Each structure stands twice: as structure tokens, then as C-alpha cells.
Amino acid sequence: MDEFTVDAFVNRDEPIPVISFDTNDDLSDGAELATPERKRDKLLQHGKNLKDNFRNVQGKAPETGSSMQDRLLEKLLQQVIPVEDLSSSRPETPSQNYISRPSFSLPTMSANFRRFNARIGVVFVFQSKVIRLLSWHTTSHTLSFLAVYTFICLDPYLLTVLPLVVLLLALLVPSFIARHPAAPPTITSQTSATFQYSATGPPLAPAPTVKPVKELSRDFFRNMRDLQNSMEDFSRIHDKIISVITPRTNFSNEPLSSTLFLFTFLSALILFIASHLLPWRIIFLFVGWTITSLGHPTIQRQMLTTHKTHVVPHEKQALSLLDSWIASDIVLDSAPETREVEIFELQKLSSAGEWESWLFSSSPYDPLSEVRIKGERAKGTRFFEDVKAPAGWEWSEKKWALDLWSREWVEERIITGVEVETEGERWVYDIRYEYDDMDQDFFPELENTPTPTKGKKKVLPSWEEGSETDTEGRGRRGEWRRRRWVRMVKRKWVARATTTSIKP
């Protein structure tokens, strides 16, 4: 196994640490306790076995291609993966010639992981340097970082210079020095007895390049080690953030979430008005110095001691004071939301001249409704007891109430061709006018209009007011009548998968 790969970014220092919020946390849910010696022996043994397996597979790959197991498993995964996840099912786009979206494949996944792991070392090197910088591993480096940060905070326009300085000091200058290495310190210049770097002369070394680490090398497994720890870090940070933020923001505790909403809204309102008055340069300078100083081991020990001595004993008292303030000042509306639902009782005139109960519908089934024009039957239920409350609602009243203001709901829906009862049972009848039987005395405005073709009927674009005792109407009542019933409902908690019958 190769010790290291030349010209490759690999974190060869200490492994990337795993963040722990609890002393009982392990690297995985089923991790077993083991001594460092046993872990090292197991890792070496697994590494040797894995290296041999990789070599055997690479030797057989050009001859036999993919193994039968990989092919069978890939076919099985194609059956399991939903159709919408496959690249072939996506519609073509103008950028499809430049972007490929292959579906899941075990050989592709394995190859991509090996390539990714061979090149991810630069990220871990940067992460390790940041950890060393913020943990005051080298005091002069941390102080230099704070000096640069201070200059940027006091003069933010220096941010435009920072990328250029990084390009010069991190890429161009090191590359030139590698191309033109300095002379050995034992050889001195003719003009000076002291050692000095000379930038003159032809290049003496090849240009430096960044190469991926070799597979199955020690650096390759170092990258796998750091990738493993980084994944565990992300999982623990994700779970910690969710456990801290979610219970306070998802309104499972409505008084606490309402308090947080109130303070957040007030803070946003104040910052919206007075944000230009705050000394942002001093604020960022203070925050940066504070965060960097907290990484010093001495200050960390002092902060932990202060937290255990002064914060923990008074934590419960502070929480109790906050809860009492929330209980006294945050008043939530305990009454549920209420709305009015409606249902229409439809009756049809029989051949014997009697009105028969037909059904209860959410639509009035008026003469010019879409259902009537299409010749479809009204939809609803036959019995009052079968009318259910909408999903997420429950009845707040025991009985249905007859709507006595029949003229209002007719005018609100702009229903025409009906006769409205303003007294009695408040039925709304269909009316049908025929010119052959029409009395011109009742409609003087139609005296000069031409008589339509025989057999045709016309519905007047208006409604009429009538009563149960009105035996001489302007027109003849149709075969349908309806009246409106109302009932109050209130909100309730329901499951997600529910059905609806009528809408509030």
C-alpha cells in the first residue's frame, strides 16, 4: 500500500473530528465499543482484503465486464425506482445536449464514489486548516487572521482585494517558487555573503499540478475516514438543529411559538426602520473577535466553568419566569373558527300534481345552471341525516335552520326565471312562460315585440315575488322548487386523508 500520493490534497494530520452533543453519541447507532488497538487491526485487515478484492475485480473487468450480480441488482433497482426518477422519463429541454441526468446505477455509483473520494482531499485540508486556525493551534496564525479580519471590518471595500490577494499568495507565488526553487543554503551569492532568493534564470523544476490520489493508497483511505466523520458531523448537526428549532417554531406549543413570532416580528420591524443607524462594522468586528476568542482552550475552560457555576443553577428559574410571562401576557383565541354551510332541499312536481321530495343538494339546481342546461340530474343525498359536515369541520348546532331570506340568496347568485316566496315555507319555484298563453295586460312592454315561432318557449331574465296563496301568477310554475337550509360548523382537528361532502 502506497504511503502517500505526490501533488495531491489529502489531510495527513489528525482525522476530522466528529461533533458530539451528548457523551453517549457514537459514530453510528449500532457502534460497538472497542479499543484503539483492535480498531487499528481491524482497519488494516479490512484494507488488505479490500485491496485484494479490488485488484481481482480490476483484473477480471476487461475480460468479463460487469458481474452477473451487478447486472441482476441493477435490473432489480430499475424495477424499484419510481418511473419519474428515471432520466428517460423526463421531458426534453434545450439544455439536454449539455446536461446528462443518468438514472441510478451501481457501477456508475461505485465509479463516481471512487473518483469523488480521490479528489475530496482539498476540502478536508481546508477544513483542517480552519479548525487549527480557530482553535489557536498556532497563535501567530490566528492573530494574523484577526488582523486581516479587523481591516476588512473597518474598511469593507477591502473585500474586493481579498480574492486577488488569495490568488497571488495561494496559487501564483507558490507555483512560481516551485518552478524556480531556491538554491541550497550552503551556496552563497558572489555579491552577498548571506543567503537570498533569486528569481532570475530559467525554470529548474516542472510546473506543479494537482492530481487525484491513487485508489487503495493510504491517502485514499484517509479521505474515506474524513468523509465518514464528515457525514456523521452533518447528521448530528442536522438532528441537533431540528431538535432545538422545530419544537419552538412548529406551534406544537402555541404560546411559546406565538411569543417567538411576536419578538421576531418586532425585531424585523425595528431593523427595517433603524437598520441604517446601527454600527455594523463594529458589530461584525465584535462578533468575529468573540467567536474566534471562544476557540481558545483557556477561554473554553473558563466558559464551561462559568456555565456550570452561574447559568445551570438559574436555568430552571429563568424558564419558569418566561413561562409565567407567556401564560399571563400571551392570550390565544380559544374559540374555534365557525362558518355557515348550506344545503338545498329540492322537490319535483309529480304527474299527479303533488310535490315530491327529491333530494338534498349543494346546488340550487336553478333553470339556467350548467347541470340543467346539460340535461344532467341533480347530485345529492336523499335524506337530511346523510348530509355530512365538511372535512376538518364539525357541527356546532344540533339542527338545520330554514333560511327565511330567500330573496337574498336568489339575488346573490343572480338566479333568473324563478318565483320567490317571501312568506310561508320560502320555496323558490321554476317559472315557465309561453307566448301562446301570455296575457299582454300583465306585460305591456312586450306588446310591440314579434311573436316567436309556435312551440318555442322563452324564460324571462328576472325573478318574481309570489306566495303560497298566489293562485294567479304571471307565469306557470315549473316542475322544480327548492329552499335553502343553513347550519353552523366549527373547525376541528382531522387526519390528512379525508373526504368532503359539502363546502362551508
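Computed from a predicted structure; not experimentally measured. Position numbers for residues count from 1 along each chain, tracking the sequence in the order it is written. Owing to the predicted nature of the model, reporting of local features is limited to residues with pLDDT of at least 70; listing and counting of side-chain atom pairs is limited to 80 or more, with chain, interface and lining totals taken over all residues. Side-chain figures throughout are based on the complete set of non-hydrogen atoms in the structure, without hydrogens or water.

Caption draft 1: Highlighting the overall build of the chain. Each helix corresponds to a stretch of at least 4 residues labelled H or I by DSSP, and each strand to a stretch of at least 2 residues labelled E; elements are numbered beginning at the N terminus. Assigned secondary structure in the chain consists of twelve helices and eight strands. Only protein chains enter the calculation, and the probe is 1.4 Å; a residue is then buried if its accessible area is under 20% of its type maximum, exposed if over 50%, and partly exposed in between. For the chain, with 504 residues in total, the buried portion stands at 22%. Should any heavy atoms of two residues lie within 4.5 Å, those residues are considered in contact. A separation of at least 24 residues holds for 70% of the contacts in the chain among residues at least 6 apart in sequence. Only the protein chains shown count as cover for residues, with accessible areas throughout obtained via the Shrake-Rupley method and a probe of 1.4 Å. When the accessible surface of the chain is split by element, carbon and sulfur atoms take 60% of a total near 37300 Å².

Caption draft 2: Seen up close, the nonpolar core. Counting 13 residues, the largest nonpolar core has L346, W409, V410, V418 and V428 as the members making the most contacts within it. Counting residues per element, the ones that place at least two in this core are β1 (338–349), β2 (355–361), α12 (406–412) and β5 (418–421). We define the nonpolar core as a collection of buried residues of types Ala, Val, Leu, Ile, Met, Phe, Trp, Tyr and Cys that are connected through side-chain atoms lying within 4.5 Å of one another. V341, I343, F360 and W485 belong to the second-largest nonpolar core, a separate cluster that totals nine residues.

Caption draft 3: Up close: helix α4 (residues 121–134). One less than the residue count of a helix, multiplied by 1.5 Å, gives the span that helix is expected to have. Given a rise of 1.5 Å per residue, 14 residues ought to cover 20 Å, and the 20 Å separating the end C-alpha atoms of α4 matches this to within 8%. All of the buried residues along α4 are G121, F124, V125 and S128. Down the axis of α4, the buried side of the element spans an arc of 105 degrees, and every buried residue falls inside it. Residue W136 follows α4 closely and has a positive phi angle near 60 degrees. As used here, the arc belongs to the directions running from the helix axis to the C-beta atoms.

Caption draft 4: Quick look at the pairing of strand β6 (residues 428–432). Taken across its five residues, β6 has four buried, putting it largely inside the fold. Note on pairing: DSSP must find at least two bridges between two strands before they are called paired. Judged from the three bridges that link them, β5 and β6 form a sheet pairing that is antiparallel. Looking at β6, one finds that E419 is bridged to Y429.

Caption draft 5: Helix α7 (residues 218–249), seen in detail. A rise of 1.5 Å per residue sets the reference length of α7, with its 32 residues, at 46 Å; its end C-alpha atoms lie 46 Å apart and thus fit the reference within 8%. Of the positions making up α7, those classed as buried are D219, F220, F221, R222, N223, D226, L227, N229, E232, D233 and R236.

Caption draft 6: Spatial organisation of the pattern of salt bridges. Just to be clear on terms, a salt bridge is a Lys or Arg side-chain nitrogen sitting within 4 Å of an Asp or Glu carboxyl oxygen. The final tally for this structure, using the stated rule, is 17 salt bridges. The salt bridge involving E340 is made with R484; its shortest N-O contact spans 3.5 Å. Placement of E340 in strand β1 and of R484 in strand β8 (residues 476–491) is noted, with a sequence separation of 144 residues between them. For E340, a relative accessible area of 40% puts it in the partly exposed group. With a relative accessible area of 13%, R484 lands in the buried category. The shortest N-O distance in the salt bridge between R477 and E419 comes to 2.8 Å.

Caption draft 7: Molecular detail of the layout of surface pockets. The method works on a 1 Å grid over the protein atoms by themselves. A cavity is a set of points holding a 1.4 Å probe that cannot get out, a pocket is an open set with protein on both sides within 12 Å along at least five of seven lines, and residues with an atom within 4 Å of a point line them. Grid points are joined across faces, edges and corners, and a volume is the space filled by probe spheres set on the points. The space that makes up the second largest pocket amounts to roughly 930 Å³. When residues of the lining of the second largest pocket are traced back to their parent elements, those giving at least two are α4, α5 (139–154) and α6 (162–179). If one sorts the elements of the lining of the second largest pocket by residue count, α4 sits on top with eight residues. Each residue gets one of three labels, nonpolar for Ala, Val, Leu, Ile, Met, Phe, Trp, Tyr, Cys and Pro, charged for Asp, Glu, Lys and Arg, and polar for the others, Gly among them. Split by residue class, the lining of the second largest pocket holds 15 nonpolar, six polar and four charged.

Caption draft 8: Representation of the packing of α5 against helix α9 (residues 280–294) in the model. Here, axes are lines fitted to C-alpha atoms. For helices the fit covers the stretch in contact, and angles between N-to-C directions go from 0 to 180 degrees. Taken N-terminus to C-terminus, the directions of α5 and α9 make an angle of 165 degrees; their axes are 9 Å apart at the nearest point. By the angle class used here, α5 and α9 are roughly antiparallel. Note on packing geometry: the crossing formed by α5 with α9 is right-handed. Of the residues in α9, those touching α5 at T142, F145, L146, Y149, T150, C153 and L154 are R281, F284, L285, G288, W289 and T292. Broken down by class, the residue content of the contact of α5 with α9 amounts to eight nonpolar, four polar and one charged. In this scheme, roughly parallel covers angles under 35 degrees and roughly antiparallel covers those over 145, while 65 to 115 is roughly perpendicular and the rest are oblique. Left-handed describes a crossing in which the near helix is turned anticlockwise from the far one by less than a right angle; the clockwise case is right-handed.

Caption draft 9: Spotlight on unusual backbone geometry. One non-glycine residue with positive phi stands out, namely Y365, at about 55 degrees. Counting through the fold element by element, Y365 comes out in the loop between β2 and α11 (370–374). A relative accessible area of 8% means that Y365 is categorised as buried. Even without being glycine, R426 reaches a positive phi, approximately 60 degrees. Topologically, R426 is positioned in the loop between β5 and β6.

Caption draft 10: A look at the confidence of the model for the chain. A score between 0 and 100, pLDDT records how confident the predictor is in each residue. In the predicted model, the chain carries a mean pLDDT of 78, and the fraction of residues at 70 or more is 69%. Below a pLDDT of 50 lies the segment residues 27–35, which in the model reaches eight contacts outside its immediate sequence neighbourhood of four places, other chains included.

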